[in-house]
Amino acid sequence: MTRIIAGRAGSLVLDVPDAGTRPTSDRVRESLFGALESADALRGAAVLDLYAGSGALGLEAVSRGAASADLVEKSPRAATIVQRNASRVAKAVGADAAIRVHRTSADAFLRSTRGPFDLVFLDPPYDVGETELSSTLALLVPVLSAGADVIVERAARSPEPSLPDGLVATRSKRYGDTAMWWATTAG
């Protein structure tokens, strides 16, 4: 069962697509969002959740005080579930946040948006290779705000993502089979 852990929509159960996604575990999300809250990276943030799956990461951010979340999911079935989850969270948080669901690929969205985004989650499917991920990260840089945080979630056996100019690695953490790499905008 996937749920919103804390905030205004805390304990709200989220639907999860039947196949093709791997929701971030509650334990990993708890640790991740604890770190984001201690860094004051959520309050008023413009959040982008690429490869949204169920939308759990972006919606958790909204529940905890982000001003907006853009949830990008290419799979039509998963995007329908993201929209349903987004509607539930929007009802719980009221008019305090804008939640938008985009049924498109991460790269197509990045080519058409202006941003700026303060916090970005990338949790691509396992079949997204390192070259494709690097390309997506390069497209992301122009739509980031100064000091933006970018968090890439992959299988622990995956290599560290290759960061483009404009992003600097800040830390990494492993949680069993999951690894997270953090980066921020350079300069």
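Rules used in this analysis
Residues numbered from 1 in each chain as written. Predicted model: local features only at pLDDT ≥ 70, side-chain atom pairs only at ≥ 80, totals over all residues. Heavy atoms only, no water. Helix = DSSP H or I, 4+ residues; strand = E, 2+ residues; numbered from the N terminus. Axes fitted to C-alpha atoms, helices over the stretch in contact; angles between N-to-C directions. Parallel < 35°, antiparallel > 145°, perpendicular 65-115°, else oblique. Contact = heavy atoms within 4.5 Å. Nonpolar A, V, L, I, M, F, W, Y, C, P; charged D, E, K, R; others polar. Pairing = 2+ DSSP bridges. Phe/Tyr/Trp six-rings, centres within 6.5 Å; stacked < 30°, edge-to-face > 60°. Buried < 20%, exposed > 50% of the residue type's maximum accessible area, 1.4 Å probe, protein only. Lys NZ or Arg CZ within 6 Å of the ring centre and 35° of its normal.

Peer 1: Residues and numbers for the environment of Thr131, please.
Peer 2: Mapped onto the fold, Thr131 is located in helix H5 (residues 130-140). Taking the C-alpha atoms as reference points, Thr131 and Ala156, 25 residues apart in sequence, are found 17 Å from one another.

Peer 1: An account of the packing of helix H2 (residues 56-63) against helix H3 (residues 76-93) is requested, with residue identities and associated values reported.
Peer 2: Taken N-terminus to C-terminus, the directions of H2 and H3 make an angle of 5°; their axes are 10 Å apart at the nearest point. If you check the angle between H2 and H3, you find them roughly parallel. The segment H2 lies against H3, with Leu59, Val62 and Ser63 engaging Asn85, Ala86, Val89 and Val93. In terms of residue class, the contact of H2 with H3 is made up of five nonpolar, two polar and no charged.

Peer 1: Give a description of the sheet that holds strand E4 (residues 68-72) that names residues and reports values.
Peer 2: An order of E5-E4-E3-E6-E7-E9-E8 is seen for the seven strands of this open sheet, with the pairing classed as mixed. Each end of this open sheet is capped by a strand with a single partner; those strands are strand E5 (98-102) and strand E8 (167-175). Averaged over all pairs of adjacent strands, the angle between their axes in this sheet comes to 15°, without regard to strand direction. Bridging between strand E7 (residues 144-155) and strand E9 (residues 178-185) involves seven bridges; their strand directions are antiparallel. The residue bridging Val152 from the neighbouring strand is Trp181, located in E9. Running over the sheet, H3 touches E4 and E5 and is turned about 175° from E5.

Peer 1: Give me the lowdown on the packing of aromatic side chains, citing residues and values where you can.
Peer 2: Following the criterion strictly, the structure yields two aromatic pairs and no others. Taking the centre distance of 5.7 Å and the plane angle of 45° together, the rings of Phe33 and Phe121 count as tilted. Within this pair, whereas Phe33 is found in helix H1 (residues 26-38), its partner Phe121 is found in strand E6 (residues 117-122), the two being separated by 88 residues in sequence. An identical accessibility class is assigned to Phe33 and Phe121; each is buried. Its guanidinium or amino end placed over the ring of Trp182, Arg171 lies 3.9 Å from that ring's centre, counting from NZ or CZ.

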